[in-house]
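# Understanding the architecture of this molecule
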Amino acid sequence: LASSPAQVVAPVKAWSAAMADGDQGMPLTFQNFLEKMRHPSASELVKSIKAFISSFGDAQMPANAQRDSDEDGRRIQAFLRDTEAAFRGHPTWRGASEEELEASGEGLEKYLTTKLYPNIFAVVNEERTLDDVLGRRIAALRTFIRPEHLDIPECFRVEASLALARNELVKVNNFKAPRDKLVCVLNTCRVINNLLNVSAGNRPAGADDFLPVLIYVVMLANPPRLESNLRYIARFRLESRLVSEAAYFYTNLVSATHFLTTCDHSAFTNLDEDVFEAHMAAEGFAIGPDAAGSFDGER
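Residues numbered from 1 in each chain as written. Predicted model: local features only at pLDDT ≥ 70, side-chain atom pairs only at ≥ 80, totals over all residues. Heavy atoms only, no water.

### A look at the overall build of the chain
- The helix and strand inventory of the chain stands at 12 helices and two strands.
- Traced from its N-terminal end to its C-terminal end, the chain shows the element sequence α-α-α-α-α-α-α-α-α-α-α-α-β-β.
- Counting all 299 residues of the chain, 47% fall into the buried class.
- Taking the contacts inside the chain whose residues are at least 6 apart along the sequence as the reference set, 76% of them involve residues at least 24 apart.
- Total accessible area on the chain stands at roughly 14,300 Å², and carbon and sulfur atoms take up 51% of it. (Helix = DSSP H or I, 4+ residues; strand = E, 2+ residues; numbered from the N terminus. Buried < 20%, exposed > 50% of the residue type's maximum accessible area, 1.4 Å probe, protein only. Contact = heavy atoms within 4.5 Å. Areas by Shrake-Rupley, 256 points an atom, 1.4 Å probe, with all protein chains shown as cover.)

Dropping the structure here:
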């Protein structure tokens, strides 16, 4: 039983619409949040937010110092928690429902991280190097790894569905807010889940089916700055919101990325070591005990 594009697209369209503009069905959109922040009663709160943003400027960094992204994450997490707590007792939010307060917290996270994006995303040299090597490694794997090497059954090899999942994932680098990036991950995984559920027939699909397909989709998409995007979500998505389904799918993407970062021939079915090494070497990757799968440089 093959899934049709319409069967897979429908839930993604619904999910995307619900998540549009930071809204997930809440009564307060991102634009509403900005309007609240323009109210005279919010002036001191606005000053606090602007001062926090200014503290991340290059002028505040010692000469020749590199940013500590993990410390930046801790600072932003603390500021988000404290400011959201302040909303509850603030005149601007008097009488606000829990949904409105939650939506304001989402708006704050989006505003803060969007403003700070140049200072907090992929700013550490080591992480940019990891991104580059991972991108080249995935590009090399993509030249010869096929679904059968990952034990993906024929019924799950539906090109239209895999392309849709790929297209959702490749968008992750187009957004600045952690939640918006996470929506791309959720959309990707929901497409895959729907593909498995529709195509499995009488056999219920499980986690053992999901991860190989996700690995294959990541390989097809090879989104820019994948490692940095994953770390960005973990650092700057408020911890109390990275839970449940979002946490599950995010963790699976981390696992898929780790697989593609470390895999050798033994991770695949019916793939000889010499064939694997020859393909990787042809793409510029030295394979062996001394090379540890390192990239040889521009070709």
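### With respect to the nonpolar core
- The biggest cluster of nonpolar side chains holds 49 residues, and the ones touching the most others in it are Leu141, Val213 and Val218.
- Going through the elements one at a time, α6 (125–142), α7 (159–170), α8 (178–199), α9 (207–221), α10 (226–236), α11 (244–262) and α12 (273–282) are the ones with two or more residues in this core.
- When residues of this core are assigned to their parent elements, the largest contribution, nine residues, is made by α9.
- Not counting residues up to four positions away in its chain, the partners in contact with Leu141 are Met219, Leu260, Cys263, Phe276 and Met280.
- By size, the runner-up hydrophobic cluster in this structure holds 26 residues, among which are Ile49, Ile53, Phe56 and Trp93. (Core = buried A, V, L, I, M, F, W, Y, C linked by side-chain atoms within 4.5 Å.)

### As for the pattern of salt bridges
- Within this structure, the stated rule accounts for 21 salt bridges.
- Its salt-bridge partner being Glu106, residue Arg241 comes within 3.5 Å of it at the nearest N-O pair. Pair noted here: Arg241 is in the loop between α10 and α11 and Glu106 is in helix α5 (residues 98–120), with a separation of 135 residues, a long-range link. Side by side, Arg241 and Glu106 carry an identical accessibility label, which is buried.
- Across the pair Glu148 and Arg157 runs a salt bridge, and its minimum N-O distance is 3.5 Å. (Salt bridge = Lys/Arg side-chain N within 4 Å of Asp/Glu carboxyl O.)

### Description of a negative patch on the surface
- Taken together, Asp264, Asp272, Glu273 and Asp274 make up a surface patch of like negative charges.
- Inspection of the secondary structure puts Glu273 in helix α12.
- Of the residues examined, Glu273 reaches a relative accessible area of 43% and is grouped as partly exposed. (Patch = residues over 30% accessible without salt bridge, like charges linked within 9 Å, V, L, I, M, F, W, Y side chains within 5 Å. Lys, Arg positive; Asp, Glu negative; His and termini not counted. Charge placed at Lys NZ, Arg CZ, Asp CG, Glu CD.)

### A short note on the side chain of Lys181
- Checked against the element boundaries, Lys181 lands in helix α8.
- In this structure Lys181 is buried but unpaired, with Asp180 as the nearest side chain of opposite charge at 9.0 Å.
- Engagement of the side chain of Lys181 in a polar contact is seen with the side chain of Tyr117, the distance being 3.0 Å.
- Within polar-contact distance, the side chain of Lys181 engages the backbone oxygen of Phe175 at 2.7 Å.
- For Lys181, the residues in contact, after removing those within four places along its chain, are Tyr117, Phe121, Val172, Asn173, Phe175, Lys176, Asn229, Tyr232 and Ile233. (Polar contact = N/O pair within 3.5 Å; in protein donor to acceptor, adjacent residues only side chain to side chain.)

### Thoughts on the packing of aromatic side chains
- Here the structure, examined in full by the defined rule, presents 13 aromatic pairs.
- When the centroid spacing of 6.3 Å and the interplanar angle of 20 degrees are considered together, the rings of Phe30 and Phe33 count as stacked. Placement of both Phe30 and Phe33 in helix α2 (residues 30–37) is noted, with a separation of three residues, approximately one turn of the helix. Take Phe30 and Phe33: they sit in the same class, and that class is buried.
- Plain terms: the ring middles of Phe52 and Phe79 are 4.1 Å apart, the flat faces sit at 10 degrees to each other, and that makes the pair stacked. (Phe/Tyr/Trp six-rings, centres within 6.5 Å; stacked < 30°, edge-to-face > 60°.)

### A word on the environment of Gly206
- You can see Gly206 is positioned in the loop between α8 and α9.
- The class of Gly206 is partly exposed, set by a relative accessible area of 32%.
- Between the C-alpha atoms of Gly206 and Leu196, which are 10 residues apart in sequence, the distance is 8.4 Å.

### Focus: α6
- When the terminal C-alpha atoms of α6 are compared, their 26 Å separation across 18 residues agrees well with the 26 Å that a helix rising 1.5 Å per residue should span.
- Every buried residue of α6 is listed here: Glu127, Asp131, Leu134, Arg137, Ile138, Ala140 and Leu141. (Expected span 1.5 Å × (residues − 1).)

### Here we look at the confidence of the model for the chain
- Averaged over every residue, the pLDDT of the chain is 86; the share at 70 or more is 83%.
- Counted against residues more than four places away or in other chains, residues 14–27, with its pLDDT under 50, gives 30 contacts.
- Overall, residues 289–295 carries pLDDT values under 50, and its contacts beyond four positions in sequence, including any with other chains, amount to 12 contacts. (pLDDT = per-residue confidence, 0-100.)

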